[in-house]
Every structure is written in structure tokens, then in C-alpha cells.
Amino acid sequence: AQSVTQPDIHITVSEGASLELRCNYSYGATPYLFWYVQSPGQGLQLLLKYFSGDTLVQGIKGFEAEFKRSQSSFNLRKPSVHWSDAAEYFCAGRGSQGNLIFGKGTKLSVKP
Amino acid sequence: GAGVSQSPSNKVTEKGKDVELRCDPISGHTALYWYRQSLGQGLEFLIYFQGNSAPDKSGLPSDRFSAERTGGSVSTLTIQRTQQEDSAVYLCADAGVGTDTQYFGPGTRLTVL
């Protein structure tokens, strides 16, 4: 069955430090993959997506993600975290009906 | 105009009552999805509408849940005889023709007492 796993429930980083959020997928074919961010009390905002082509994709707010088929991963990265990046981050894959299959999410806290 | 909107933003109801949650998608977006976000289960797919086709109800957790979409636009999710385990945030998302990018509304927080 298709699934998306985010191994880290909660991560804390210092402001200005680099960030990497992990995402692993289990799909038979090349998946369509997404990263969404949810700030407290807000809806989900799309950060970036991967469908095919260049395996390094750029998104909004300075985020990027790299698709690695050999590792079944699609990790999200940012070189320098800002306090406003504190939020919950969800990795998702496309299901058979176009629905999204979400990981459990990683909550990011940013230390001043 | 604006993005996907949902109403009400918050709903408190008593166990056993019926509730209706509304989603107004972006004009022209033909695909519409409902999801549920709860502490124990994370984000779960509930139901999917594509144009005038019959909806995909495969994610609905029980027959107390139903949804309709009128005129290919506004959608209503109905939960009958609500239970405490129905307490969650219900999210609506839509997508334009030929795109897999979904745009989410702000959600409706349902609390069943």
C-alpha cells in the first residue's frame, strides 16, 4: 500500500541553523510528492512538489527538497531557519484518486 | 477571488446531533477533497469529487458521514448522530483542471461534547 512516513515527530533548531526534515515513501511507481506547512490555527500551505524531472526542487520561503529514489526519500531542507518557520510540516504523496496521503507530520520549534 | 473558504470555522455540538460543514472552492476548480485532521489519526482522506462524476467515498469512516456537491461548486459534509470521536478539524481542498496541486481551506474545528 502507498504510504508516507515522517520519522521525526518534533524537531528543535536554533534560529539561523540549517534544517532537514525527513520523509520516506512507499510507492510502486514514481510518486508525486509534496511538502505542506501548517502554522498554528492555519490551513495547509504548499511549500513545494515533485512530479518528475530535476530531483532537487525549489519551493517558497527558501525551502528545497531532494527526491532520492535509491533511499525512497524526499527530505525538506532550508539553509537558515527563521523564527517564523516554526510550524508543523507534512510530507504527502498522491493517492490513486488524486487524494493526498499524508505523513504524521513533524513539528518544528525554533530557539532564539 | 479568494481561496478555498469553509464555514463555520468552529462548531460545537452535542453527541447525537447532526452537523453540516460547508466548503466553497475556488471558482473553476473541478476537483474537491475533504480531509479530517485529528490528534490520533493525523490527516485522513474522506471523500473526493471530480466534476459531475460520482464521488469517491472510499475514505468515509462510517455511514454516518456523507457529502454532496451542488452544481460542481459548493460542497457540504454532513455528519449524522455525531460521536465524540468525530471531534477533529475538517479540511476541504480543491484542485484545478489537469493539476495535482491542492489548495486547502482554513478548516472547520468540530467539537462533539
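Residues numbered from 1 in each chain as written. Chains lettered and ligands numbered in written order. Predicted model: local features only at pLDDT ≥ 70, side-chain atom pairs only at ≥ 80, totals over all residues. Heavy atoms only, no water.

> Just give me the short version of the overall build of chain B, but keep the residues and values in it.
Along chain B, the regular secondary structure elements total zero helices and 10 strands. Order of helices (α) and strands (β) in chain B, N terminus to C terminus: β-β-β-β-β-β-β-β-β-β. Relative to the 2.2 N^0.38 estimate, which gives 13 Å for 113 residues, the radius of gyration of chain B is 13 Å and therefore close to what a compact globule would have. Based on the C-alpha atoms only, the size of chain B along its principal axes is roughly 40 × 25 × 25 Å. Looking at chain B residue by residue over its 113 residues, the buried ones come to 49%. Within chain B, contacts between residues separated by at least 24 positions form 54% of all contacts whose residues are at least 6 apart in sequence. (Helix = DSSP H or I, 4+ residues; strand = E, 2+ residues; numbered from the N terminus. Rg over C-alpha atoms; globule rule 2.2 N^0.38 Å. Buried < 20%, exposed > 50% of the residue type's maximum accessible area, 1.4 Å probe, protein only. Contact = heavy atoms within 4.5 Å.)

> Run through the state of the cysteines, naming residues and quoting values.
The full count for this structure, using the stated rule, is two disulfides over all chains. A disulfide bridge connects Cys 23 of chain A with Cys 91 of chain A, and the sulfur atoms are separated by 2.0 Å. Since a negative S-S torsion denotes a left-handed disulfide, the Cys 23 of chain A-Cys 91 of chain A link at about -65 degrees is left-handed. You can see Cys 23 of chain A sitting in the loop between strand 3 (19-21) and strand 4 (24-26) and its partner Cys 91 of chain A sitting in strand 10 (residues 87-94), a full 68 residues away along the chain. Exposure class is identical for Cys 23 of chain A and Cys 91 of chain A. Each is buried. With its sulfur 1.8 Å from that of its partner, Cys 23 of chain B forms a disulfide with Cys 92 of chain B. Judged by the sign of its S-S torsion, about -60 degrees, the cystine formed by Cys 23 of chain B and Cys 92 of chain B is left-handed. One end of the pair, Cys 23 of chain B, is in strand 3 (residues 19-24); the other, Cys 92 of chain B, is in strand 8 (residues 88-95), with 69 residues separating them in the sequence. Of the two residues examined, Cys 23 of chain B and Cys 92 of chain B, each falls in the buried class. (Disulfide = S-S within 2.5 Å.)

> Please set out the interface of chain A and chain B residue by residue, giving values where relevant.
At the interface, 17 residues of chain A touch 17 residues of chain B. Buried surface at the junction of chain A and chain B, both sides included, amounts to about 1400 Å², of which 53% is carbon and sulfur. Taken as a group, Leu 44, Gln 97 and Phe 102 of chain A account for 31% of the area that chain A buries against chain B, more than any other trio of residues on that side. Seen at the junction of chain A and chain B, the total is zero salt bridges. Our count for the contact surface shared by chain A and chain B stands at eight residue pairs in polar contact (both at pLDDT 80 or more). Put simply, the parts of the chain that give the side of chain A that touches chain B at least two residues each are strand 5 (33-38), strand 6 (44-50), strand 10 and strand 11 (100-102) of chain A. (Buried area = accessible area lost by both parts, 1.4 Å probe. Salt bridge = Lys/Arg side-chain N within 4 Å of Asp/Glu carboxyl O. Polar contact = N/O pair within 3.5 Å; in protein donor to acceptor, adjacent residues only side chain to side chain.)

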